[in-house]
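Geometric and topological summary
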Amino acid sequence: VGALTFYFREPGELCEADRSLLRLVADQMAATAEKAHLIEDLQKANQRLRKQNVELEARYRQAEEARRLKNEFLANVSHELRTPLTAILGFAYLLREGIPGTLEGEQAAAVEKIEAAGATLMGLINDLLDLTHLRLGRTTVELEECDAVALAHAALSSVNPPTGAVEVSCELPDVPVPALTDPVIAVRILQNLLSNAFKFTAAGSVTLRLSALPAPPPSLSEQALGIDGGVVLWEVEDTGIGIEESDFDIIFDEFRQVDGSATRRYGGTGMGLALSLGLARRLGGDIAVRSTPGQGSVFTLVLPARGPAARTAPIEIRLG
Ligand code: ADP
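Residues numbered from 1 in each chain as written. Predicted model: local features only at pLDDT ≥ 70, side-chain atom pairs only at ≥ 80, totals over all residues. Heavy atoms only, no water.

**Quick notes on the sheet that holds strand E6 (residues 286-292)**
Going by this rule: The pairing criterion for strands is at least two bridges between them, as found by DSSP. Going along the chain from the N terminus, every DSSP run of H or I of four or more residues is numbered as a helix, and every run of E of two or more is numbered as a strand. The axes are straight lines fitted to the C-alpha atoms, using for helices just the contacting stretch, and the angles between their N-to-C directions are given from 0 to 180°. It only takes one pair of heavy atoms within 4.5 Å for two residues to be counted as in contact.
Overall, mixed pairing links the five strands, which are arranged E2-E4-E5-E7-E6 in an open sheet. Looking at the sheet topology across the chains shown, the edges are occupied by strand E2 (165-171) and E6. Recorded for the sheet is a direction-independent mean angle of 15 degrees between the axes of neighbouring strands. Bridge count between E6 and strand E7 (residues 296-304): seven bridges; the pairing is antiparallel. Pairing of Asp-286 across the sheet is with Val-302, part of E7. Where helix H4 (residues 183-199) meets the sheet, its contacts fall on E2, strand E4 (203-213), strand E5 (231-238), E6 and E7, and the angle it forms with E7 comes to roughly 175 degrees.

**Things to note about the site of the ligand**
Defined as follows: When at least one non-hydrogen atom of a residue lies within 4 Å of a molecule or strand, that residue is treated as near it. We call two N or O atoms a polar contact when they sit within 3.5 Å, provided that within protein one can donate a hydrogen and the other can accept it, with sequence-adjacent residues counted only if both atoms are side-chain atoms. Two kinds of site are reported from a 1 Å grid over the protein atoms alone, namely cavities, where a 1.4 Å probe fits but cannot get out, and pockets, open sets with protein on both sides within 12 Å along at least five of seven lines, and residues are called lining when an atom falls within 4 Å of a point. Criterion for pocket placement: a molecule counts as inside a cavity or pocket if more than half of its atoms are within 2 Å of its grid points. Residues were grouped as follows: Ala, Val, Leu, Ile, Met, Phe, Trp, Tyr, Cys and Pro as nonpolar; Asp, Glu, Lys and Arg as charged; and all remaining residues, including Gly, as polar.
If you check the shell around the ligand, you find 20 residues, and the closest are Asn-196, Lys-199, Asp-238, Gln-257 and Leu-273. Asn-196 is positioned such that a nitrogen or oxygen atom in its side chain is 2.8 Å from an oxygen atom of the ligand. Side-chain polar atom of Asp-238 to a nitrogen atom of the ligand: 2.9 Å apart, as the coordinates give it. Placement of the ligand is best described as lying within the largest pocket. Among the secondary structure elements, those contributing two or more residues to the shell around the ligand are H4, helix H6 (272-282) and E7. The element best represented in the shell around the ligand is H4, accounting for three residues. Residues of the shell around the ligand, tallied by class, amount to nine nonpolar, eight polar and three charged.

**What to know about the environment of Asn-192**
By secondary structure assignment, the location of Asn-192 is in helix H4. If sequence neighbours within four positions are ignored, Asn-192 has contacts with Gly-272 and Ser-276.

**Description of the packing of helix H2 (residues 105-135) against H6**
Relative orientation and spacing of two packed helices are given, respectively, by the angle between their axes and the distance between those axes. The cut-off we apply is this: By definition in this entry, angles of less than 35 degrees are roughly parallel, angles greater than 145 are roughly antiparallel, angles of 65 to 115 are roughly perpendicular, and the rest are oblique. Helix crossings fall into two classes, left-handed where the near helix is turned counterclockwise from the far one by less than a right angle and right-handed where it is turned clockwise.
It is at 10 Å that the axes of H2 and H6 come closest, and there the two elements cross at 45 degrees. Classed by the angle they form, the pair H2 and H6 counts as oblique. Relative to H6, H2 is oriented so that their crossing is left-handed. Of H6, the residues touching H2 (which contributes Asp-127, Asp-130, Leu-131 and Leu-134) are Ala-274, Leu-275, Gly-278 and Leu-279.

**A look at helix H3 (residues 148-157)**
For clarity, the threshold we go by: To sort residues, take the accessible area from a 1.4 Å probe on protein chains only and compare it with the maximum for the residue type: under 20% means buried, over 50% means exposed, and anything in between is partly exposed. The directions considered for the arc run from the helix axis to the C-beta atoms.
Taken residue by residue, H3 has Ala-148, Val-149, Leu-151, Ala-152, Ala-155 and Leu-156 as its buried positions. An end-on view of H3 places all buried positions within 160 degrees of arc, on one side of the element. The inward-facing, buried residues of H3 contact strand E1 (144-147), E2, strand E3 (178-181), H4, E4 and E5. The N-cap residue of H3 is Asp-147: its side-chain oxygen and the backbone nitrogen of Val-149 are 3.0 Å apart.

Quick look at the structure:
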């Protein structure tokens, strides 16, 4: 608040035009004072924001470091757990083979149980180790020219068949389908998808399908790089419990399950899909899901047919 005072030598010398001119001057001066105030406020707000920014950055760095340390810890613990477990499995194998002496009926059954439980535990530890390596950016990928049909067969033959009235079928081409990928990782992802399909299907069928989508006409840069842009699609279809659309995202989160309660019906850790998706993306591909609750699900793994290392844009899957 301020006052602007003008003094005149003679009274009544002020005409209407002078009065409005002086009002204009007063208004301008008031506006300037207000602007100065605003600038001061802005500078203070700016300073506060800058301070908050510095604090946030420090907290972010702390959180990042804690995350890295947790991942390092998980990687070390998983690694240390694997060593004694390998010994347990090795000695159980020697016992089963009767190398230290022949086992009697009950003894052989007990050793088989040790081996089975040990193998399950090893699977969990390996998943944890791989997930941690993925998060630390340490997963190595070795690309090779592979036959996608052979990868499908390899995955199918290495997963325990479903129990109960579930029919397993394949719809695979008779001719080889080329894919440039890491065969060990691709088989691992397919094993995960197949074992989930077996686990969540009590009756009906599980079908493994394979198709190749030809490339759209290549862009000039793709031509120059020799990328044809084609993709290979493996589909694992089941007639199991299905998944609500609202759960499609959470099932790919680490350690998340649709039914995460302690009383849930199906075993598992919630690592399989997070790991599979991370690995598929590491190979330049993706995983998509479509499902109807109570009717079944289809999980689709899509990987580049050629040149994933040189691919710049992610693969887009259009289903249905
Ligand atoms: P896990 O199977 O060890 O629980 P995953 O990450 O493989 O972990 O799967 C996460 C969740 O996604 C499962 O717990 C289940 O709720 C859901 N899910 C995965 N595959 C299927 C499927 N084929 N049918 C129904 N639900 C599924």
